[in-house]
Amino acid sequence: QVQLEESGGGLEQAGGSLRLSCAASGRTSTIVSMGWFRQAPGKERELVAVMRWSGGSTNYADSVKGRFTVSKDNAKSTVYLQMNSLKPEDTAVYYCYAQKIFSTRDYWGKGTLVTVSS
């Protein structure tokens, strides 16, 4: 069992920055990847960025490359999403994601709302 809790969402102007946090709790020792998805009203959930917990390449959506950065704190089992140069089209509910080894189940946080005004 893994629980994910996001924080850091809010209202920002275009060109501004926000940093989202996702803290994992429960059985975190077998988590192999974590990342972020987002969903705008009336649209499907889409991948933002995902990374392997042990290291390696991070996969970013084309729409956020060069603007968003994923990082982690191993001791706190926490991942971050640093969002710079925000655009109105970044407005969405952002969901934390995790996957455990030898499991096809995905774990999701409740989501945190990011609103970017023009």
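No experiment lies behind these values; they were computed from the predicted model shown. (Residues numbered from 1 in each chain as written. Predicted model: local features only at pLDDT ≥ 70, side-chain atom pairs only at ≥ 80, totals over all residues. Heavy atoms only, no water.)

**Q** Tell me what's going on with the overall build of the protein, and back it up with residues and numbers.
**A** Along its length, the protein carries zero helices and eleven strands. Counted from the first residue to the last, the protein has its helices and strands arranged as β-β-β-β-β-β-β-β-β-β-β. Its C-alpha atoms give the protein a radius of gyration of 14 Å, within 12% of the compact-globule value 13 Å for 118 residues. Reported as C-alpha extents along the three principal axes, the dimensions of the protein are approximately 40 × 25 × 25 Å. Burial status across the protein gives 41% buried among its 118 residues. In the protein, the proportion of contacts linking residues at least 24 apart, taken out of those at least 6 apart, comes to 52%. Carbon and sulfur atoms make up 46% of the accessible area of the protein, which totals about 6,600 Å². (Helix = DSSP H or I, 4+ residues; strand = E, 2+ residues; numbered from the N terminus. Rg over C-alpha atoms; globule rule 2.2 N^0.38 Å. Buried < 20%, exposed > 50% of the residue type's maximum accessible area, 1.4 Å probe, protein only. Contact = heavy atoms within 4.5 Å. Areas by Shrake-Rupley, 256 points an atom, 1.4 Å probe, with all protein chains shown as cover.)

**Q** Mind laying out the packing of aromatic side chains, listing which residues take part and the relevant values?
**A** In the structure shown here, the tally under the stated rule is three aromatic pairs. Between Phe 37 and Trp 108 the ring centres are 5.0 Å apart and the planes differ by 75°, which places this aromatic pair in the edge-to-face class. Linking Phe 37 in strand β4 (residues 31-39) with Trp 108 in strand β10 (residues 106-108), this pair joins segments that are 71 residues apart in sequence. The class of Phe 37 is buried, set by a relative accessible area of 16%. For Trp 108, a relative accessible area of 32% puts it in the partly exposed group. With a centroid separation of 5.4 Å and an interplanar angle of 55°, the aromatic rings of Tyr 97 and Trp 108 are classed as tilted. You can see Tyr 97 sitting in strand β9 (residues 92-100) and its partner Trp 108 sitting in strand β10, a full eleven residues away along the chain. Within the aromatic cluster, the residues linked to one another by ring pairs are Phe 37, Tyr 97 and Trp 108. Positioned above the aromatic ring of Trp 108 is the side chain of Arg 45, whose terminal nitrogen or guanidinium carbon lies 4.7 Å from the ring centre. Over the ring of Trp 53 we find Lys 72; its NZ or CZ atom is 4.9 Å from the centre of that ring. (Phe/Tyr/Trp six-rings, centres within 6.5 Å; stacked < 30°, edge-to-face > 60°. Lys NZ or Arg CZ within 6 Å of the ring centre and 35° of its normal.)

**Q** Just give me the short version of unusual backbone geometry, but keep the residues and values in it.
**A** The backbone of Ser 77 shows a phi angle near 50°, a positive value even though the residue is not glycine. Relative to the elements of secondary structure, Ser 77 occurs in the loop between β7 (68-73) and β8 (78-83). By relative accessible area, which is 15% here, Ser 77 ends up buried. Of note in the backbone geometry, Phe 102 takes a positive phi value of approximately 60° without being a glycine. Position of Phe 102 relative to the elements: it lies in the loop between β9 and β10. A relative accessible area of 86% places Phe 102 in the exposed class.

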